[in-house]
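Below, each chain spelled out in residue letters.
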Amino acid sequence: MVDPIFASRLQFALTTIVHIVFPVMSMGLAPFLVYFTWREIRSGEAIYEQLRRFWTRIFAVSFVVGTVTGIVLEFEFGTNFAAFSTTAGELFGGPLALEGMMAFMLEATFLGVFVFGRERVSDALYMISAVAVGLGTWLSAVWILIANSWMQTPRGYELVMEGGQPIVRLVDPIAAYLNPRFFWMFVHMQNAAVESVALVMAGLGAYFVFRHHVWGNPVRHVGFWETTLKFGLIALLITAPLQVIHGDLYARHVFETQPQKFAAMEAVWETDSYVPEYIIAFPTSIENLLDPRAKEIFGIGIPGGASWLASGGDPQATIRGLEEFEGPQPPVAIVFWAFRAMVALGFWFILLAVWGSYRWWSGELYEDDLLHKALMASTPLGIIAVELGWVVTEVGRQPWVIQGVLKTSDGVSPGLTGTEATITLAGFVVVYLALLTLYVYVLVRIVRAGPPSRDDLRATPEQPGSDTTPEVSTDD
Amino acid sequence: MTDVASLAGGPLFGLPLAELWFVLLFFILAMFLFLDGFDFGVGALFATRDDEAEREQLLAAIGPFWDGNEVWLVVFGGAMFAAFPAVYANLFSRHYLLMFAILGALILRGLAPEMYEQRHDEAWKRWWGRAFVVGSLTAPFFLGMFTANWMLGETATLTVSGVVVGLAVVALTVVDGVAFLRLKTRGRLRADLRTAGYRALAAYLALVVVALGYVAVTRPALRSALSSPVVVALVAVTLLLAGVYAVATRSDRYYAAFGAAAGLVFALVGIVAGLLYPSIDPAGGLTVESAIVSTLPLNLMSIGAALLLPLIFGYFVVLYSAFSGPIEAGEAY
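This structure is a prediction, so every number in the text was calculated from the model and none was measured.

Next up on the list: the overall build of chain A. A count of helices and strands for chain A gives 15 helices and eight strands. Taken over C-alpha atoms, the radius of gyration comes to 24 Å for chain A, in line with the 23 Å a tight globule of 476 residues would show. Projecting the C-alpha coordinates of chain A onto the three principal axes gives extents of approximately 75 × 50 × 45 Å. For chain A, the residues scored as buried account for 53% of the 476 residues in total. The long-range fraction of contacts in chain A, counting pairs at least 24 apart against all pairs at least 6 apart in sequence, stands at 78%.

Check the secondary structure of chain B and you find 14 helices and two strands. Its C-alpha atoms give chain B a radius of gyration of 20 Å, near enough to 20 Å, the size a compact globule of 333 residues would have. Taken along the three principal axes of its C-alpha coordinates, chain B extends 60 × 50 × 40 Å. When each of the 333 residues of chain B is scored for burial, the buried share is 56%. Counted over contacts in chain B with a minimum sequence separation of 6, partners at least 24 positions apart contribute 77%.

In this assembly, 54 residues from chain A lie in contact with 54 residues from chain B. Considering every element that reaches the side of chain A that touches chain B, the biggest residue donor is helix H3 (residues 82-116) of chain A, with 25 residues. Along the lines of polarity and charge, the residues of the side of chain A that touches chain B split into 31 nonpolar, 16 polar and seven charged.

The next subject is the nonpolar core. Core analysis: the largest hydrophobic core is formed by 286 residues, its most contacted members being B:Ala83, B:Ile102, B:Ala168, B:Val175, B:Leu264 and B:Val265. Ranked by residue count, the leading element in this core is H3(A), at 22 residues. With residues near it in sequence (within four places) discarded, B:Ile102 still touches B:Ala139, B:Phe142, B:Leu143 and B:Phe146.

Another aspect to go through is the confidence of the model for chain A. Chain-level pLDDT for chain A is 90 on average; 96% of the residues reach the 70-or-more range. Scored below 50 in pLDDT, residues 463-476 of chain A makes 20 contacts in the model with residues more than four places away or belonging to other chains.

A few words on helix H4 (residues 66-83) of chain B. An ideal rise of 1.5 Å per residue puts 26 Å on 18 residues; H4(B) measures up with 26 Å between its terminal C-alpha atoms. Most of H4(B) is tucked away, with 18 of its 18 residues classed as buried.

Right, let's get into the packing of H4(B) against helix H14 (residues 295-322) of chain B. Residue and element names in this part refer to chain B. Where H4 contacts H14, the two axes come as close as 13 Å, and the packing angle between them is 175°. Taken together, the axes of H4 and H14 are roughly antiparallel relative to one another. Facing H4, whose interface residues are Gly 68, Ala 82 and Ala 83, H14 presents Leu 298, Met 301, Phe 316 and Leu 319. Tallied by class, the residues present in the contact of H4 with H14 amount to six nonpolar, one polar and no charged.

Residues and elements named next belong to chain A. Going from Gln 398 to Pro 399, the amide bond is cis rather than trans, its omega being 5°. Mapping Pro 399 onto the fold places it in the loop between helix H13 (381-395) and strand E7 (400-402). For His 221, which is not glycine, the phi dihedral falls at a positive 55°. For His 221, a count of 21 C-beta atoms within 10 Å translates into the label buried.

Taking 1.5 Å of rise per residue, the 34 residues of helix H2 (residues 46-79) of chain A would be expected to cover 50 Å, and the 49 Å separating its terminal C-alpha atoms lies within 8% of that figure. Of all 34 residues that make up H2(A), 31 are buried, and the element is covered over most of its length.

Here we come to the environment of A:Glu195. Residues and elements named next belong to chain A. Relative to the assigned elements, Glu 195 resides in helix H6 (residues 180-214). The sequence separation of Glu 195 and Phe 349 amounts to 154 residues, and the corresponding C-alpha distance is 8.7 Å. Among all residues touching Glu 195, those that are not within four sequence positions of it are Leu 236, Thr 239, Ala 240, Gln 243, Phe 349 and Gly 382.

All names here are of chain B. Two numbers describe how helix H6 (residues 96-116) lies on helix H7 (residues 122-152): the axes approach to 7 Å, and their chain directions differ by 150°. The pairing of H6 with H7 is recorded here as roughly antiparallel in orientation. Crossing angle aside, the handedness with which H6 passes H7 is left-handed. Tallied by class, residues from the contact of H6 with H7 come to 19 nonpolar, four polar and two charged.

Let us now look at the environment of A:Ala306. Residue and element names in this part refer to chain A. Along the polypeptide, Ala 306 turns up in helix H10 (residues 305-311). The buried category is assigned to Ala 306, around which 28 C-beta atoms lie within 10 Å. As for Ala 306 and Ile 319, which are separated by 13 residues in sequence, their C-alpha atoms are 8.2 Å apart. Excluding residues that lie within four positions of it along the chain, Ala 306 makes contacts with Glu 266, Val 275, Pro 276, Glu 277 and Ile 319.

The next point concerns the confidence of the model for chain B. Mean pLDDT for chain B: 93, with 99% of residues reaching 70 or above. Among the prediction metrics, the complex's ipTM stands at 0.91, with pTM recorded as 0.91.

All names here are of chain A. Here His 19 lies in helix H1 (residues 4-43). Residue classification places His 19 among the buried residues on the basis of 20 C-beta atoms within 10 Å. Placed 140 residues apart in sequence, His 19 and Leu 159 show a C-alpha to C-alpha distance of 32 Å. Excluding its chain neighbours within four sequence positions, the residues that come into contact with His 19 are Gly 66, Thr 69, Gly 70 and Leu 73.

Parameters at a glance
Residues numbered from 1 in each chain as written. Chains lettered and ligands numbered in written order. Predicted model: local features only at pLDDT ≥ 70, side-chain atom pairs only at ≥ 80, totals over all residues. Helix = DSSP H or I, 4+ residues; strand = E, 2+ residues; numbered from the N terminus. Rg over C-alpha atoms; globule rule 2.2 N^0.38 Å. Buried ≥ 20, exposed ≤ 12 C-beta atoms within 10 Å, placed from the backbone. Contact = placed C-beta atoms within 7 Å. Nonpolar A, V, L, I, M, F, W, Y, C, P; charged D, E, K, R; others polar. Core = buried A, V, L, I, M, F, W, Y, C linked by C-beta atoms within 7 Å. pLDDT = per-residue confidence, 0-100. Expected span 1.5 Å × (residues − 1). Axes fitted to C-alpha atoms, helices over the stretch in contact; angles between N-to-C directions. Parallel < 35°, antiparallel > 145°, perpendicular 65-115°, else oblique. Left-handed = near helix turned anticlockwise from the far one by under 90°.

Here you go:
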């Protein structure tokens, strides 16, 4: 039997890593759906109805799987981390309850109208439903990130002992809940969600554009896919640079507020100044890979880069090394490599955005097959980057579950047995692998089926048989 | 800042907030059991229909609603975490496997209709149809088990009272599901459902009698609570509403039957709360007064709930009025 503490950590990691895929899809799709609905209602153009209906199907499936996996997370704090829940309940329970009441309720009720109600409600109520669903998904992130940011940089509380157990008492709700970290996380997360969906759109669009224009294999509704590709590129061009610039500032905030995590991100063990930033790092041995130390890694480093990054412009700045922090360290290898992979992906997305936009501008968007292939291969990479970012955030905070207040190992349910924890962990491995497989399977089927045919639309097509020609410009 | 700080001084308007949150918690549980209950009931009734068009109607009936209905469970977990964090921690970790059984059943129930609609071949539909039925039967069963174990302070997972209450909750969701489906369907299906409603109602009443009798015999400490005016009144209300349900079902007064089903759910949850109070976690020795969160977060949550609950009712009114009446031809899941 697996140790209940280890099993609980692994189970929580597994269930969050799988769950986050679905909110990323729904939060990222939300602004697109609001826009498509608005354009459909305002202009009555067929393409917007196609876009709205196609992407709503993907949104609905993501939402269903997100709901059932999300309930699991909310209950897991109680089942597996009862000591954490007792210690932090006073600060942590409120945001979770408000997420349910303020965000999830709004989202789930209006989703019914949005998915099933186009024929039943007025245009105005339908538009309101689209906005309510989108607002709900984003408000959900607000409350979850308020709760999480407090675990990263806890403020506004006092620690008291009750019956031998530490209890966090809420003293200053504004300090606790309007935590500076929250704003960093919220912008980074929401922008990442939109960027991830932009990559999914661009990747799918590129696939059909490639088949139609490069392979010469006629695709039904190719105009729909061309427009999808363009929407993906526009969104990518906005979000990709913002993500990297904002991420740089966010890293600086982490350096100031969680120096131990920052040192792990950079694998700096000894306190030093003029620390280089290894933008490309190669592990030259297994040891390098499993136990990276910045000084021993073979790579291309910008002299003083990490110091510059941390201090906001001073290459001579001192970075406190991991050796300065007492007690166990975060698993440096995971944090270091996840951070590098995420940053590399962030720059890759900028390259894709610039490349695609340039081809579009020069009128070669449908001809550049290398671009199509790069976009296709990048379809899931936005979501992967989000996962890597959360690994940096959550693994980088270890051994703490609440930074400096409570260790993760002290947060596990005291009565939990290894047998119980192993049964559920094994169950989740099986169920969640099946769930992910089914989700991908359903997405593939939706994509294969394509958008609704022009004949099935509410809008009357202006030109019969215009399915195979691009009829709408999207740059307005 | 001064306003926020003053919220730490004492309960808002001197209200008995601990008791109000206890009531609110069980109100939320009842809303979940009533609303998602008819989704479960529809899932159970799905097993009794083999005509494909009828099965599609059953799925179409709950399509727009179930996700919103299920959020009441999320709010239940959140409200318990926020208002009674120690209960949330003790209870959920004590009934560890049961909690995950509930979650597993909900995953199956939520996913199955979505998958059922994906393909049209025989074997696929058969298996996902079964998954839908199994999820819809086991979710309320485990939830009933959990509630009984919670109320009676059981530390074991499998208990006699748990099984009886679990079965009672399953029967109640079928009662609820029949009432809902008779609002949403027409013709032969609507007429056929009547019998299922009577049977489920009879089973529910029998199981409630067994459960209460079992508690009275095995738990001398609860006898005074069993004969308290609130519990006696709720048992009487249950019998009365059962009569209303039967008469309304026979005379095709669909809304009256649906209202009676809602009342039956609220009465059952009320009985549970009545037997529990003033304790809130008998196995952990926690009472409502000892487990309530401290004043400042309690006041903040109370303000939040007071502002948000009316809005939530508004959302449900919009949703249910947009899809009122029987499902139309061509409406699918």
